[in-house]
Amino acid sequence: MNVLLTGGAGYIGSHVVLSLMDAGHNVHIIDNLSTGNESIIPKNVKFTNCNINEESVISDLIKSNKFDLLMHFAGFIQVEESVTKPEKYFENNTYNSIRLFNICKKNGLNKIVFSSTAAAYGSVSDNKLIDENTSLNPQNPYAESKIRTEKFLFDNQDSFKFIILRYFNVAGADKKLRTGQISKRSTHLIKILSEVIGGNRNFIEIFGNDYNTHDGTAIRDYIHVSDLADIHVEVAKYLLEKLESNLFNCGYGKGFSVLDVVNTANKIYQNKIVYKFSSRREGDVEKLIANTSKILKYINWKPKHNDLEEIINSSVEWEKKINASNT
Ligand SMILES: NC(=O)c1ccc[n+]([C@@H]2O[C@H](COP(=O)([O-])OP(=O)(O)OC[C@H]3O[C@@H](n4cnc5c(N)ncnc54)[C@H](O)[C@@H]3O)[C@@H](O)[C@H]2O)c1
C-alpha cells in the first residue's frame, strides 16, 4: 500500500508509520509539528511539513504520488483545553479535516481511515460495554469536533469510502523504543505516571474519587498503541479489498480504574507513585469500555499486547529513553 498519512510526527501516527513500514508499505507523512516532533519520524520516510488545509501543497503531493488511501490522525486532543477553547478544536479537528477530505476527493483520492474517539459515546449509564450502535453523547467540544467530522463522512458516503476508528484509551510505546509519547502537556494517565516514575513529576493528581465505580475512580479501556497501529494496517487492507465504509471500536473490552492502574504500577515500581485526589474534571466521564465483537469479526486482527503491566512498562521505558536523551 502507498499511504498518505497526516499527524505522523505525533504519538499514534508515528506508531502506525512503523507498523506500515514493518509490513513493507510506503508512507508519506504530512505534519505541521504543532504538537508533533520531527525526531520520531524515521529517516527513510518522506515527510512534508505543512498544515492539512494547504490545498496547493497537498494537491501536488497527491498528483505526483499514487496514494491508495489517506490515514488521517492530525488533530488536537486535549479534552480540557477544548472546554476553554472550543473554536480551536472545531477549526482544526472538523473544518481542517473536511478541507483535507475535499482536497483529496478533488485529486481522486477517496479512501480514508479516520481517527475518532470513544469520547464520542460520553458516559453510559448502564453497565453494558459500548458497541458501535451505542448512542452518542459527547461531553466536551473535543468529542463533538470528532463527531462532526464523522458526520461529514457519513453524509458523503457516495464520495468517500472510509473506516472510522473510535479509539478507547491509547497507551504504551513501541517495544523497540523507536517512538512513544513525547508531549509534556499530556493528560494521559499512563504517560503521567511514567513521568512520576522517571522523576519528572512529584505526584499524580486523580480527578474524582466519587464516581459510581468499585473504588470511586473513573474506569477506562486501555489499548496498547502498537496493537492499535496494527489495526490500522489491517483496516486499510479491508477497505481496499472490500471497498466498503465501516466504523469500529478499538479497545480490549476490559476496564481498569485509575487506582487499578496506579496500584499495578506501584507493584512493579516499588510504590514510587504518590497520588492526590482532586475534584472531577469538567468533560470527564465515569466509565468507557469497548465491546470489541465487531472489529474481531470483520478485521483480521488479534491483540498481542493486552497486558496492563506490559503497557505501563513500555511507557516507562520510553520515558527513560527520552529523559536520557535530554540530559
Ligand atoms: N491519544 C489518544 O488516546 C487518542 C484517543 C482517541 C483518539 N485519538 C485521535 O488520534 C489522533 C492522533 O492522536 P495523538 O495522540 O497521536 O496526538 P498527537 O498530538 O501526538 O499527534 C497529532 C499530530 O498531528 C499534527 N497536527 C495537528 N494539527 C495539524 C494540522 N492542522 N496540520 C498538520 N499536522 C497537524 C501534530 O503536529 C501532531 O504531530 C487524533 O486525531 C486524536 O483525536 C487519540
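Residues numbered from 1 in each chain as written. Predicted model: local features only at pLDDT ≥ 70, side-chain atom pairs only at ≥ 80, totals over all residues.

### Side note on the sheet that holds strand β9 (residues 219-220)
Reasoning step 1: As summarised here, the arrangement of the three strands in space is β12-β9-β14, forming an open sheet in which the pairing is mixed. Each edge of the sheet is formed by a strand with only one pairing partner; in this case those strands are β12 (256-257) and β14 (287-288).
Reasoning step 2: As defined by bridge partners, β9 adjoins β14 across two bridges and the pair is classed as parallel. For Arg220, the partnering residue across the bridge sits in β14 and is Leu288. (Pairing = 2+ DSSP bridges. Helix = DSSP H or I, 4+ residues; strand = E, 2+ residues; numbered from the N terminus.)

### So, the pairing of strand β1 (residues 2-6)
Reasoning step 1: Across the five residues of β1, four count as buried, placing the element largely inside the fold.
Reasoning step 2: Where β1 and strand β2 (residues 26-31) come together, five bridges link them in parallel fashion. Counterpart to Asn2 in the pairing with β2 is Asn26.
Reasoning step 3: Between β1 and its parallel partner β2, the chain crosses via helix α1 (residues 11-22), and the hand of that crossover is right-handed.
Reasoning step 4: Examined bridge by bridge, β1 and strand β4 (residues 69-72) share four bridges and lie parallel to one another. The partner of Thr6 across the bridge, within β4, is His72. (Buried ≥ 20, exposed ≤ 12 C-beta atoms within 10 Å, placed from the backbone. Right-handed = clockwise from strand over helix to strand, strands pointing away.)

### Things to note about the site of the ligand
Reasoning step 1: Close to the ligand lie 27 residues; Gly7, Gly10, Gly36, Ala74 and Gly75 are nearest.
Reasoning step 2: Of all the secondary-structure elements, those providing two or more residues to the shell around the ligand are α1, β2, α4 (86-106), β5 (111-117) and β7 (169-171).
Reasoning step 3: Sorting elements by how many residues they give to the shell around the ligand places α1 first, with three residues.
Reasoning step 4: Considered class by class, the residues forming the shell around the ligand number eleven nonpolar, 15 polar and one charged. (Near = placed C-beta within 6 Å. Nonpolar A, V, L, I, M, F, W, Y, C, P; charged D, E, K, R; others polar.)

### Comments concerning the sheet that holds β2
Reasoning step 1: In spatial order, the strands read β3-β2-β1-β4-β5-β6-β11; together these seven strands make up an open sheet with parallel pairing. Each edge of the open sheet carries a strand with a single partner, namely β3 (46-49) and β11 (246-250). Neighbour to neighbour, the strand axes of the sheet diverge by 20 degrees on average, direction disregarded.
Reasoning step 2: Where β5 lies against strand β6 (residues 161-167), seven bridges are found, and the strand directions are parallel. When the bridges of β6 are listed, Thr117 appears paired with Tyr167. (Axes fitted to C-alpha atoms, helices over the stretch in contact; angles between N-to-C directions.)

### Some remarks on the packing of helix α8 (residues 258-268) against helix α10 (residues 308-326)
Reasoning step 1: Put simply, α8 and α10 touch, their axes get as near as 10 Å, and they point 70 degrees apart. Relative to α10, the element α8 is oriented roughly perpendicular. The hand of the α8/α10 crossing is right-handed. Residue-level inspection shows Val261, Thr264, Ala265 and Ile268 of α8 in contact with α10, the latter providing Leu308, Glu309, Ile312 and Asn313.
Reasoning step 2: The residue makeup of the contact of α8 with α10, split by class, is five nonpolar, two polar and one charged. (Parallel < 35°, antiparallel > 145°, perpendicular 65-115°, else oblique. Left-handed = near helix turned anticlockwise from the far one by under 90°. Contact = placed C-beta atoms within 7 Å.)

### Remarks on the environment of Phe248
Reasoning step 1: With respect to the helices and strands, the residue Phe248 is situated in strand β11.
Reasoning step 2: Between the alpha carbons of Phe248 and Arg166 there is a distance of 6.2 Å; along the sequence they are 82 residues apart.
Reasoning step 3: Discounting residues that sit within four places of it in the chain, Phe248 has contacts with Glu132, Ile163, Leu165, Val235, Lys294, Ile295 and Ile299.

### Concerning α4
Reasoning step 1: The end-to-end C-alpha distance of α4, which contains 21 residues, comes to 29 Å, matching closely the 30 Å that a straight helix rising 1.5 Å per residue would cover.
Reasoning step 2: The largest bend along α4 measures about 30 degrees and falls at Asn96.
Reasoning step 3: Residues of α4 that are buried: Tyr89, Asn93, Thr94, Asn96, Ser97, Leu100, Phe101, Ile103 and Cys104.
Reasoning step 4: Tucked into the core, α4 has its buried residues touching β1, α2 (55-64), β4, α3 (79-84), β5 and α5 (141-155).
Reasoning step 5: Once α4 finishes, Gly108 follows within two positions and takes phi at roughly 85 degrees, a positive value. (Expected span 1.5 Å × (residues − 1). Bend = angle between axes of the 7 residues up to and from the residue.)

### Notes on the environment of Ser278
Reasoning step 1: By the element assignment, Ser278 lies in strand β13 (residues 275-278).
Reasoning step 2: Here the alpha-carbon distance between Ser278 and Asn209, two residues 69 residues apart in the chain, equals 7.9 Å.
Reasoning step 3: With sequence-adjacent residues up to four places away left out, Ser278 is seen in contact with Glu205 and Phe207.

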